[in-house]
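Observations on the three-dimensional arrangement
The residues making up each chain are set out below.
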Amino acid sequence: MPKSIPSLVERFTSGDESAFAELVTRFQKKIYYLAFQMLGNHLDADEVVQETFVRVYRRRQELRNVSNFTAFLIRIATNYAIDLLRRHKGHSPITDDQSSLPGEIQIELSQRVRTPSDQFEDKVLMLEIRRALEMLPPRQKITAVLHDVEGYSKAEIAEILDCPEATVRSNLHIARTKLKKVLKKRLAKRK
Amino acid sequence: MTCQHLLSLLEDYVDNDLSATDRARVSEHLDCCATCRAEYEAIRNLKGLLKRQPTTDPGQPYWSEVSSLILARTVEAAPLAQSGRTLRLDTSERTTFIRALVSAAVSVSILVAALFLGSGVELQQPVAVLVAKQPLLISSSLTGLVDANHGSIITRDEQIRLVRGLSLLGPPGAIGRFPVIPNLMTTFD
Ligand SMILES: [Zn+2]
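Rules used throughout
Note that residues are indexed from 1 along each chain, following the sequence as it is written. Each chain gets a letter, beginning with A, and each ligand a number, beginning with 1, in the order they are written. At least 70 in pLDDT is required for a residue's local features to be given in this predicted model, at least 80 for side-chain atom pairs to be given and counted, and no such filter applies to totals for whole chains, interfaces and linings, which use all residues. By convention in this description, side-chain values take in all heavy atoms of the structure and omit both hydrogens and water. Sites may look incomplete, because water is not among the atoms used; the donor set itself consists of N, O and S atoms within 2.8 Å of the metal (3.2 Å for Na, K and Ca). Any coordination sphere not matching a tetrahedral pattern (four donors, all angles between 85 and 135 degrees) or a square planar or octahedral pattern (four or six donors, opposite donors over 155 degrees apart, other angles between 65 and 115) is reported as irregular. Strands here mean DSSP runs of E at least two residues long; helices mean DSSP runs of H or I at least four residues long; both are numbered from the N terminus. Using a 1.4 Å probe on the protein chains alone, a residue whose accessible area is under 20% of its type maximum counts as buried, one over 50% counts as exposed, and one in between counts as partly exposed. Residues enter a nonpolar core if they are buried and are Ala, Val, Leu, Ile, Met, Phe, Trp, Tyr or Cys, with the set joined through side-chain atoms within 4.5 Å. Residue contacts are counted whenever heavy atoms from the two residues lie within 4.5 Å of one another. Orientation is described by lines fitted to C-alpha atoms, with helices fitted over the stretch in contact, and by angles between N-to-C directions that extend from 0 to 180 degrees. The hand of a helix crossing depends on one turn: near helix anticlockwise from the far one by less than a right angle means left-handed, and clockwise means right-handed. Classification used: nonpolar for Ala, Val, Leu, Ile, Met, Phe, Trp, Tyr, Cys and Pro, charged for Asp, Glu, Lys and Arg, polar for all others including Gly. In short, buried area is how much 1.4 Å probe accessible area vanishes from two parts on joining, totalled over both. Here a salt bridge means any side-chain nitrogen of Lys or Arg lying within 4 Å of a carboxyl oxygen belonging to Asp or Glu. Polar contacts here mean pairs of N or O atoms no more than 3.5 Å apart (in protein, one a potential hydrogen donor and the other a potential acceptor; neighbouring residues in sequence count only if both atoms are side-chain atoms). Between the rings of Phe, Tyr and Trp (Trp by its six-membered ring), a pair exists once the centres lie within 6.5 Å; its type follows the angle of the planes, with under 30 degrees stacked, over 60 edge-to-face, and the other angles tilted. Look at NZ for Lys and CZ for Arg. If either is within 6 Å of the ring centre and within 35 degrees of the ring normal, a charge sits over the ring. pLDDT expresses, on a scale from 0 to 100, how confident the predictor is about each individual residue. A helix is expected to reach a length of 1.5 Å times the quantity of its residues less one. Directions from the helix axis toward the C-beta atoms define the arc.

1. Brief notes about the coordination of the zinc ion
All names here are of chain B. Taken together, Cys 3 (SG), His 29 (NE2), Cys 33 (SG) and Cys 36 (SG) make up the protein donors of the zinc ion, found 2.1 to 2.4 Å from the metal. Around the zinc ion sit four donor atoms; with metal-centred angles ranging over 104 to 112°, the donor geometry is tetrahedral. The sequence pattern describing where the donors of the zinc ion fall on their chain is C-x25-H-x3-C-x2-C. In this pair, Cys 3 sits in helix α1 (residues 3–14) while Cys 36 sits in helix α3 (residues 34–51), placing the two residues 33 residues apart along the sequence. For Cys 36, a relative accessible area of 3% gives the class buried.

Okay, structure coming up:
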């Protein structure tokens, strides 16, 4: 029978380490996908996943005062992703794009498409968007990814980034304005 | 509603974050203003494209591996961390640390084996010369041991037995113990 997240967190904070293992299993994919969207490559996403759970483990005493474990977890992941983005500043980590992915992913990606020209066109477009995202400063980029890619609400993002909702709104607006400018032709062409 | 006022509400409209009243007013304006409608389409298309960013599953082997790694760095590392000394290793440090331990263990076992094996062989040439001729990687660390700490760690007799033993034992890997040994044995004559 699956256990609820709060009860797992409760067991974890009381010293039950099997509960931590289960939390890792439950949340690792969510963190990985989020990190992949923010950082654009497997290696960095992997680093974020590992580092996030190691930090949660070290900070387990704080969990007693945390009402929303998911937000706490995503906040740690997001802060680490921001650190990585700042460290990478000046050289794009996406230049190797898919070449850095394990073989299975490449197969999966290629199976998703219908025709070779469709595939090519779509890949080019997605890469253009990733490049455009890449140019944004960390906080704007992460706000755009959390809201427009991952579908978090502005209130949730405010909690994750520990800032007022107005800041989320303004970062999102600036990010979108920049993206619209860079992707102008692409956005006009689409019906 | 002016175009400027509309634009200030447009993103919340696209995000479905507006009150019903504001929604209706924006909708009404969009129906009759091509400029604002173009802006609306641009934001909507941008959101659509961002939502389509591909997510890729690295596969079950990765998920199992990463959770084992996390547990190795947390739950399994905890007794070490609590024993007074803070041993905080990240992934690469951890790998290096384990490699160093394994390598040290291998070196010790080779040295011990070499001391035993070397005891029966006669040796005339000075140790340093022999070591210099030895075409093995291991000779560099041995040179350091024999020359730099001459006499301080092991006696000369032990040095000779050690080098002889190493020549019989050979390197632990595939560098080729057998092609190397005849080569070394000639240096004994
Ligand atoms: Zn208008």
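2. As for the nonpolar core
A:Phe20 and A:Phe53 are the most contacted members of the largest nonpolar core, which totals 64 residues. Among the elements that make up this core, the one with the highest residue count is helix α2 (residues 17–39) of chain A (twelve residues). Other than its neighbours up to four places away in sequence, A:Phe53 contacts A:Phe20, A:Leu23, A:Val24, A:Phe27, A:Gln28, A:Ile31, A:Leu73, B:Ile70 and B:Thr74.

3. Considerations on the packing of α2(A) against helix α4 (residues 69–88) of chain A
Each pair of packed helices can be described by the angle between their axes along with the distance between the axes. All names here are of chain A. Two numbers describe how α2 lies on α4: the axes approach to 10 Å, and their chain directions differ by 35°. The crossing of α2 and α4 is right-handed. Judged by residue contacts, Leu 23, Phe 27, Lys 30, Ile 31, Leu 34, Met 38 and Leu 39 of α2 engage Phe 69, Thr 70, Leu 73, Ile 74, Ala 77, Thr 78, Ala 81, Leu 84 and Leu 85 from α4. For the contact of α2 with α4, a count of residues per class yields 13 nonpolar, two polar and one charged.

4. Some remarks on the packing of α2(A) against helix α3 (residues 42–58) of chain A
Residues and elements named next belong to chain A. Here α2 crosses α3 at 145°, and the two axes come no closer than 8 Å. Viewed along their axes, α2 and α3 form a crossing whose handedness is right-handed. Contacts between α2 and α3 pair Glu 17, Phe 20, Leu 23, Val 24, Phe 27, Gln 28, Ile 31, Tyr 32, Ala 35, Phe 36 and Leu 39 from the former with His 42, Asp 44, Ala 45, Asp 46, Val 48, Val 49, Thr 52, Phe 53 and Tyr 57 from the latter.

5. As for the interface of chain B and chain A
At the junction of the two partners, chain B supplies 36 residues and chain A supplies 46 residues. Together, the buried faces of chain B and chain A total about 4100 Å²; carbon and sulfur atoms form 56% of this surface. Linking chain B with chain A are nine salt bridges. B:Arg73 serves as the salt-bridge partner of A:Glu51, at 3.1 Å between the closest nitrogen and oxygen. Put simply, chain B and chain A have 18 residue pairs in polar contact (both at pLDDT 80 or more) between them. Listing elements by their share of the side of chain B that touches chain A, those giving two or more residues are α1, α3, α4 (60–73) and α5 (78–82) of chain B. The residue makeup of the side of chain B that touches chain A, split by class, is 16 nonpolar, nine polar and eleven charged.

6. Some points on the packing of aromatic side chains
According to the stated counting rule, one finds eleven aromatic pairs over all chains in the structure shown. An aromatic cluster is present here, built from A:Tyr32, A:Tyr33, A:Phe36, B:Tyr62 and B:Trp63 joined pairwise through their rings. Of note, A:Arg60 hangs over the ring of A:Tyr57, and the distance from its end group to the ring centre comes to 4.1 Å.

7. A closer look at the confidence of the model for chain B
Residues and elements named next belong to chain B. On average, residues of chain B carry a pLDDT of 70, and 43% of them reach 70 or more. Scored below 50 in pLDDT, residues 128–152 shows 32 contacts in the model against residues more than four places distant or in partner chains. Confidence over residues 171–182 falls short of pLDDT 50; this stretch has eleven contacts with residues more than four positions distant or in other chains. The ipTM assigned to the predicted complex is 0.81, against a pTM of 0.64.

8. What to know about the confidence of the model for chain A
When the pLDDT values of chain A are averaged, the result is 86; 83% of them are 70 or greater. With pLDDT under 50 throughout, residues 93–111 of chain A is counted as low confidence; its partners more than four residues away or in other chains account for 33 contacts.

9. Digging into the environment of B:Glu11
In this structure, B:Glu11 sits in helix α1. By relative accessible area, which is 11% here, B:Glu11 ends up buried. Residues B:Glu11 and B:Glu39, 28 residues apart in the sequence, show an inter-C-alpha distance of 9.8 Å. Sequence-distant contacts of B:Glu11, that is, excluding residues within four places in its chain, are made with A:Leu172, A:His173, A:Arg176 and B:Ile43.

10. Side note on helix α2 (residues 20–32) of chain B
All names here are of chain B. Compared with the 18 Å implied by 1.5 Å per residue over 13 residues, the 19 Å span of α2 between its first and last C-alpha is a close match. By the burial criterion, the buried members of α2 are Val 26, His 29 and Leu 30. The buried side chains of α2 occupy one side of the element, clustering within an arc of 100° when seen end-on. Facing away from the buried side of α2, by more than 90 degrees, are the exposed residues Ala 20, Thr 21, Glu 28, Asp 31 and Cys 32. On its buried face, α2 sits against α1 and α3.

11. So, the pattern of salt bridges
Per the stated rule, a full pass over the model turns up 23 salt bridges over all chains. Across the salt bridge formed by A:Lys154 and B:Asp12, the nearest N and O atoms sit 2.8 Å from each other. In this pair, A:Lys154 is assigned in helix α8 (residues 154–161) and B:Asp12 in helix α1, connecting two distinct chains. A:Lys154 sits in the buried class, given a relative accessible area of 4%. For B:Asp12, a relative accessible area of 13% translates into the label buried. Because the salt bridges share partners, they merge into one network encompassing A:Asp148, A:Lys154, A:Glu165, A:Arg169, A:Arg176, B:Glu11, B:Asp12, B:Asp15, B:Asp17 and B:Lys47.

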